[in-house]
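Here are the chains, one letter per residue:
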Amino acid sequence: MGKRLAVLVGCNYPSTQFRLQGCINDVVDMRNLLLEKFSFHASDVKVLIDEPVQPHSNFATLIPTGANIKAALKRMVDQAEPGDVLVFYFSGHGTVISSLEPGKAYIEHEAIVPCDLNLITDMDLRQLIRRLPKETSFTIVSDSCHSGGLIDKDKEIIGPSTVDRGMSSFYYKPKKINFETILGVLQTVSNVAQAVPEVINTVSNVVQGASEVINTASSIFTGIFSRDVSLSFLPQPDLQKDLKRSLDEKEGILLSGCQENETSADVVGFDGKAYGAFTNALLRVLLVENLSGIISNRQLVVAVRKALNADGFHQHACLYSSEENADAIFLGGSIASRSVNSIASRWRELSGDKNWDRLLHPLDVDLRRYIIHYGQRLGAVGDLFHEFVDSQLFKEKFFEKACLVKGNKFKYKVTHFFYAGSDDVESAWFGYVAVTTDEGKAVLGRRDILVAWRGTATGTEWLNNVKICLTPASELFGSRNDANVHLGFLSLYTGKRPYSANARTSAREQVLDAVTELVNKYKQEEISITITGFSLGAALATLNAMDIVANGYNEPKGNPNKSIMVTAFVFGGPRVGDASLNEFYKKLKLKHNNHLHILRIKNLRDPVPRVPPTVYTHLGDAKLKIDTTKSDYLKSSGIFRDLPDGSTLGNEIDPYSATDRGLADYVSAHNMDVYLHGIAGVQENGFGLVVDHDIALVNKHLNRLKDKHDIPPNWWNGENRKKMVQMEDGHWKVVG
């Protein structure tokens, strides 16, 4: 996948007669959109603004002078390679320069207005676009007046509209400055050429005397800005002739806030927040109306037009591009729309090959989908715990029963069920081992062996969890290290129930035998081993992943030089051992060429990752923190019954009791579906669903969705299940 680079510019023109209110807010919102929904890296998004972000910002900015903007654009273009996606966003004033061709027919050129009034014109942008390598996508999004001709008027796909409505009753200001006014201001600053009234009179005569206008404007701009002046004001006839010709068919995509002869509105809404009307409509379409991100440039502009019309604005968003680019996915194929294909090409990175560097903050969209995928496979164990039957038919129908077939391209087949028990814990079904089908292998980019460990579900398991004494891990890792682990977790992982029908061998042995069988079966293919676990299962998954690597179960028989990557995604897990275990983990990674990775996922209000206390510590490569209390979809507290793993906390929790409200918040934070909801929506600066993960799933075992969503509570089992029907796309619909 190519690089994704952006330059974002916002000009509020503070302390001037041209003052705007919302352009800095627009840039911040666009930056969040690119980072959160389209997986741009923060370091690849350059921001130029003329006022500080309030209350503070965690990203570097430059002043948006004409020279700085052009330099930033030049650096971005210089970095571009085939397959890259480039974005230039501008929110500020626009202007139109009349008849800059002496002796020729009346012509207008559009320009954007930097904070120092050193105009950047369509000629400057054309020069940049022509320098791009082939197969590079360059999209300009301009929320300014007179922006319709910034690259090429001849490429208009969606232009003027006859739709017109009265303005809504809030303050707005057009985002334009007359070219005559700009010349007047610069004339005053530079004291070159004629007196201001004479300049303005000359400029007003846009057809006759054009040569005099050219000379006056050029001398003013070059006198102030010297070499940084726009190409439009330089006496280079051959260059200008080349830059005035139309762009090639596939060069450049422009989404403009208005038609070239219209104005774009800078609005202060009823809530006091200022914004550009076009940018606000664009964000609303992409973040609210089109969660998947699968929308073409043409569809996006049509939807934005409808949104502007509904809000009562006179401006009409336009699209300038080739027909092919008009029907391309917005931003050169957004990550959201290409997610399945890009996961196949990025699976090593997503599985931690680089320790998730630059993927967590902000959370990469591919990684969101990847984690949700594994979380859903893991959640299936808890969902089916009470109806489990150890049979070949149940294996074959497992994912169908878990409702993970419709609309799901990640295809697996269950090969083994496994059980866990010990002297103190009754034997029970604990999870499964699965492997991708051929279809699933194509989607995920390799043959993936998956092990899923559920959370606590029985009374004896609860009691076993409180055995918090540390014990040596020599049974797993040998006696030549001093790693210590939680006694209860180790005994459940390695324990046996000799008189049990299903746990005569330990869970450890059952899983390692299954993994060994599959590793050897597919040893001629590219393979990965992915371990998932929730709560208690997260602790067992951690031990399981380390065990596999430490003892060579990720090396095919007869080929010890082939080491398979092992990754654990652990959700809401407790601490597993002491600092010596963490040191052993680090040494294990180094010894085995970084083929072991653990990503811990923690919900802010979840209490389980905080235990056991004292000498215990977490281990792993990285931690993904989410905070579902920020979700507007969830109640702040609520009555619930079922815990995520199938056990119960009692049927009555008083929502009016402060104690019970707090308990509700904490226990519902420790829920697999709430975790996945959080992963779908967590952002650096708030919460909003970035990927299309069905919110109805939150209420499978809880009553946490706000009532306005009309989703029955605790609907996975019982009478409410009859009210829910799964659609072909995998989403759930209320039918009764």
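The subject of this paragraph is the overall build of the chain. Broken down by element type, the chain carries 24 helices and 27 strands. The buried share among the 736 residues of the chain stands at 59%. Nonlocal contacts in the chain, meaning residues at least 24 apart in sequence, comprise 72% of its contacts between residues at least 6 apart. About 29,300 Å² of surface is accessible on the chain, with carbon and sulfur atoms providing 50% of the total.

The contact between helix H1 (residues 23-36) and helix H8 (residues 277-289) brings their axes to 10 Å, and the two run at 20 degrees. When the axes of H1 and H8 are compared, the pair comes out roughly parallel. Between H1 and H8 lies a crossing whose hand is left-handed. Note on element contacts: H8 touches H1 through Thr 279, Leu 282, Leu 283, Leu 286 and Leu 287, opposite Asp 26, Asp 29, Met 30 and Leu 33. Split into classes, the residues belonging to the contact of H1 with H8 amount to six nonpolar, one polar and two charged.

Right, let's get into the sheet that holds strand S7 (residues 120-121). Spatially, the three strands line up as an open sheet ordered S5-S6-S7, and their pairing is antiparallel. Each edge of the open sheet carries a strand with a single partner, namely strand S5 (94-98) and S7. As paired elements, S5 and strand S6 (residues 108-112) share five bridges and run antiparallel to each other. Bridge pairing links Gly 94 to Ile 112 in S6.

With that settled, consider the sheet that holds strand S17 (residues 447-453). An order of S15-S16-S17-S20-S21-S22-S23 is seen for the seven strands of this open sheet, with the pairing classed as mixed. Each of the sheet's edge strands pairs with one partner strand only, and the pair in question is strand S15 (412-420) and strand S23 (622-626). Pairwise comparison of adjacent strand axes, ignoring direction, gives a mean angle of 15 degrees for this sheet. Looking at chain direction, strand S21 (residues 565-571) and strand S22 (residues 596-603) are connected through six bridges and run parallel. The partner of Val 566 across the bridge, within S22, is Leu 596.

With respect to the helices and strands, the residue Asp 84 is situated in the loop between helix H2 (66-79) and strand S4 (85-91). A relative accessible area of 2% places Asp 84 in the buried class. A distance of 2.7 Å separates the side chain of Asp 84 from the backbone nitrogen of Glu 81, its partner in a polar contact. Setting aside its immediate chain neighbours within four residues, Asp 84 contacts Gly 2, Lys 3, Gln 79, Glu 135, Thr 136 and Ser 137.

Now for the packing of aromatic side chains. Enumeration according to the criterion identifies 28 aromatic pairs in this entry. For the pair Phe 398 and Phe 399, a centre-to-centre distance of 5.3 Å together with 85 degrees between the ring planes defines the contact as edge-to-face. Given the relative accessible area of 6%, Phe 399 is considered buried. With centroids separated by 5.9 Å and ring planes inclined at 50 degrees, the aromatic side chains of Trp 453 and Tyr 493 adopt a geometry described as tilted. Separated by 40 residues along the polypeptide, Trp 453 in strand S17 and Tyr 493 in helix H19 (residues 487-494) bring together distant segments of the chain. In this structure, Trp 453 and Tyr 493 share a single accessibility class: buried. In this structure an aromatic cluster arises from ring pairing among Phe 388, Phe 394, Phe 398, Phe 399, Phe 417, Tyr 419, Trp 429 and Tyr 432. Across the ring face of Phe 399, the terminal group of Arg 377 is positioned such that the distance to the ring centre comes to 4.5 Å. A cation sits over an aromatic face here: Arg 454 above Phe 430, 3.8 Å from the ring centre.

This part is about helix H24 (residues 672-681). Since one α-helical turn is 3.6 residues long, residues separated by three or four positions face the same way. Counting buried residues in H24 gives 10 out of 10 residues, a clear majority hidden from the surface. One side-chain oxygen of the residue at the start of H24 lies 2.9 Å from the amide nitrogen of Asp 673, identifying that residue as Asn 671.

All right, on to the pairing of S17 then. For a regular strand, side chains alternate in direction, first toward one face of the sheet and then toward the other. Burial of S17 is extensive: seven of the seven residues sit out of reach of the surface. Both faces of S17 are covered, namely the face carrying Arg 447, Ile 449, Val 451 and Trp 453 and the face carrying Asp 448, Leu 450 and Ala 452. Pairing geometry for strand S16 (residues 428-436) and S17, over five bridges, is antiparallel. Counterpart to Val 433 in the pairing with S17 is Val 451.

It is worth spelling out the confidence of the model for the chain at this point. Residues at a pLDDT of 70 or more form 81% of the chain, whose mean pLDDT is 83. Overall, residues 638-665 carries pLDDT values under 50, and its contacts beyond four positions in sequence, including any with other chains, amount to 52 contacts.

Cut-off values and rules
- For every chain, the first residue of its written sequence is number 1, and the numbers climb from 1 along that sequence.
- Totals for whole chains, interfaces and linings use all residues, but because this is a predicted model, local features are given only for residues with pLDDT of at least 70 and pairs of side-chain atoms are given and counted only at 80 or more.
- Based on all heavy atoms of the structure, the side-chain values leave hydrogens and waters out of the count.
- The helix count covers DSSP runs of H or I at least four residues long, the strand count covers runs of E at least two residues long, and both are numbered beginning at the N terminus.
- Burial classes: relative accessible area under 20% of the type maximum marks a residue as buried, over 50% as exposed, and values in between as partly exposed (1.4 Å probe, protein chains only).
- In what follows, a contact means two residues having at least one pair of non-hydrogen atoms within 4.5 Å.
- The Shrake-Rupley method, run with a 1.4 Å probe, gives the accessible areas here. Residue values count only the displayed protein chains as cover.
- An axis is simply a line fitted to the C-alpha atoms; with a helix, the fit covers only the stretch in contact. Between two such axes, the angle follows the N-to-C directions and lies from 0 to 180 degrees.
- The labels follow the angle: roughly parallel below 35 degrees, roughly antiparallel above 145, roughly perpendicular from 65 to 115, and oblique for the rest.
- Less than a right angle of anticlockwise turn of the near helix away from the far helix marks a crossing as left-handed, whereas a clockwise turn marks it as right-handed.
- Amino acids outside the nonpolar list (Ala, Val, Leu, Ile, Met, Phe, Trp, Tyr, Cys, Pro) and the charged list (Asp, Glu, Lys, Arg) are all regarded as polar, and Gly is one of them.
- Paired strands, as defined in this entry, are two strands with at least two bridges between them according to DSSP.
- Counted as a polar contact is a pair of N or O atoms within 3.5 Å, where, for protein atoms, one must be capable of donating a hydrogen and the other of accepting one, and residues adjacent in sequence contribute only when both atoms are in side chains.
- Stacked, edge-to-face and tilted labels apply to pairs of Phe, Tyr and Trp rings (six-membered ring for Trp) whose centres lie within 6.5 Å, assigned for plane angles under 30 degrees, over 60, and everything in between, in that order.
- Two thresholds decide whether a charge sits over a ring: the Lys NZ or Arg CZ must be within 6 Å of the ring centre and within 35 degrees of the ring normal.
- How sure the predictor is of each residue is captured by pLDDT, a score from 0 to 100.

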